[in-house]
Amino acid sequence: MARNKHPEETVHLILDTACRLFLKKGYEHTSIQDIIDNLGGLSKGAIYHHFKSKEDILAAVTDQMTSESNQMLAAIRDRSDLNGREKLRTIFKASINRPVQNRIFTIAPNFNKNPKLLFSLLHDTIDEAAPHYILPIIQQGIADGSIQTDYPEQLAELILLTANIWLNPMVFDSSQEESYRKFMVFSQMMRGLGMDIVDAEIIKRLQELTFIYQNNRQT
């Protein structure tokens, strides 16, 4: 029985069950009780021992699904066969093409109704991804001549805040048309900064993710 498992096994069971229900019913339509009913006897108290809320469960599910992301970012950052600008393009394309993105856009809620998750996204963007992955690439690009900027730290933050927040339909609940226009502006902005890193393939993939999210919101 679940109650006899070790704590890490219990957490794994909760997250796997929650992820399955989020994908099947959607985050907004899945309750804590739904999760409990599918845990084979695990009590509500046991769940709240590990997670304070459904939002905390979702955050842990998302972390679990994207656990390989940092390894992917680090691997591209540390490649020796690409210049800085090429690494930015490669990271952007690899990030949105990961199969797990389909799952994330399927289960994720509207961030406007989940300020805790939005704050977590902002924190991860500014304090983790920008300084540890994007900034070193920009600094390399400055050194190899493929990127021109006097403000590498701010540019790293701008790129990720735009990509992770402004372009994210889960934050602004943007329609496909609205998202497309934002994608085009982002592409123009990057070209204006001398970094042509957004192509038609990337824009098409971003539209697909927006459709997945909006389709899930309507069901």
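Chains are numbered independently. Their residues run from 1 in the order of the written sequence. Selection of residues for local features in this predicted model requires a pLDDT of at least 70, selection of side-chain atom pairs for listing and counting requires 80 or more, and totals for whole chains, interfaces and linings are taken over all residues. The basis for the side-chain values is all heavy atoms of the structure; hydrogens and waters are excluded.

Some thoughts on the side chain of Thr 17
Part 1: Strands here are runs of E lasting at least two residues and helices are runs of H or I lasting at least four, both read from the DSSP assignment and numbered beginning at the N terminus. Within the secondary structure, Thr 17 is located in helix α1 (residues 7-25).
Part 2: For every residue, the accessible area obtained with a 1.4 Å probe (protein chains only) is divided by the maximum for its type, and the residue is called buried under 20%, exposed over 50%, and partly exposed between those limits. Classification of Thr 17 as buried rests on a relative accessible area of 3%.
Part 3: Leaving out residues up to four positions away in the same chain, Thr 17 has contacts with Ile 35, Asn 38 and Leu 39. In what follows, residue pairs with any heavy atoms lying within 4.5 Å of each other are defined as contacts.

Brief notes about the nonpolar core
Part 1: Grouped together as the largest cluster of nonpolar side chains are 42 residues, with contacts concentrated most on Leu 88, Ile 138, Met 195 and Val 198.
Part 2: At the level of secondary structure, the elements contributing two or more residues to this core comprise α5 (69-77), α6 (84-97), α7 (100-107), α8 (115-144), α9 (152-166), α10 (169-172), α11 (176-192) and α12 (200-218).
Part 3: Note on terminology: a nonpolar core comprises buried Ala, Val, Leu, Ile, Met, Phe, Trp, Tyr and Cys residues joined through side-chain atoms within 4.5 Å. Formed by 20 residues, the second largest nonpolar core is a distinct cluster that contains Ile 14, Ile 36, Leu 58 and Val 61.

Examining the environment of Phe 111
Part 1: Structurally, Phe 111 can be placed in the loop between α7 and α8.
Part 2: Using a relative accessible area of 10% as the deciding quantity, one classes Phe 111 as buried.
Part 3: As for Phe 111 and Leu 122, which are separated by 11 residues in sequence, their C-alpha atoms are 11 Å apart.

With respect to the environment of Gln 207
Part 1: Tracing the backbone shows Gln 207 in helix α12.
Part 2: Sequence spacing of Gln 207 and Tyr 180 is 27 residues, and the spatial spacing of their C-alpha atoms is 6.7 Å.
Part 3: Non-local contacts of Gln 207, meaning those with residues more than four positions away in its chain, are made with Gln 176, Tyr 180 and Phe 183.

Comments concerning the packing of α9 against α11
Part 1: Only C-alpha atoms enter the line fits that serve as axes; for helices the fit covers just the stretch in contact. Angles between N-to-C directions range over 0 to 180 degrees. It is at 11 Å that the axes of α9 and α11 come closest, and there the two elements cross at 175°. Classified by the angle their axes make, α9 and α11 are roughly antiparallel. Seen from α9, the contacting residues are Ile 159, Thr 162 and Trp 166; seen from α11, they are Lys 182, Val 185, Phe 186, Met 189 and Met 190.
Part 2: In this classification, Asp, Glu, Lys and Arg are treated as charged, Ala, Val, Leu, Ile, Met, Phe, Trp, Tyr, Cys and Pro as nonpolar, and every other residue, Gly included, as polar. Per-class residue counts for the contact of α9 with α11 are six nonpolar, one polar and one charged. We call two directions roughly parallel when the angle between them is under 35 degrees, roughly antiparallel when it is over 145, roughly perpendicular when it lies between 65 and 115, and oblique otherwise.

Topic: the pattern of salt bridges
Part 1: Every case where a carboxyl oxygen of Asp or Glu lies within 4 Å of a side-chain nitrogen of Lys or Arg is listed as a salt bridge. Throughout the structure, instances matching the rule amount to seven salt bridges.
Part 2: Notably, a salt bridge pairs Glu 177 with Arg 181, separated by 2.9 Å at the nearest N-O pair. Taken together, the residues Glu 177 and Arg 181, both in helix α11 and four residues apart, mark about one turn of the helix.
Part 3: For Arg 205, the salt bridge identified is with Glu 208, shortest N-O distance 3.4 Å. Taken together, the positions of Arg 205 and Glu 208, both in helix α12 and three residues apart, correspond to about one turn of that helix.
Part 4: Classification of Arg 205 by relative accessible area gives buried; the value is 9%.
Part 5: Assessed through its relative accessible area of 35%, Glu 208 is described here as partly exposed.
Part 6: Salt bridges linked by common partners bring Arg 89, Lys 93, Asp 199 and Glu 201 together as one network.

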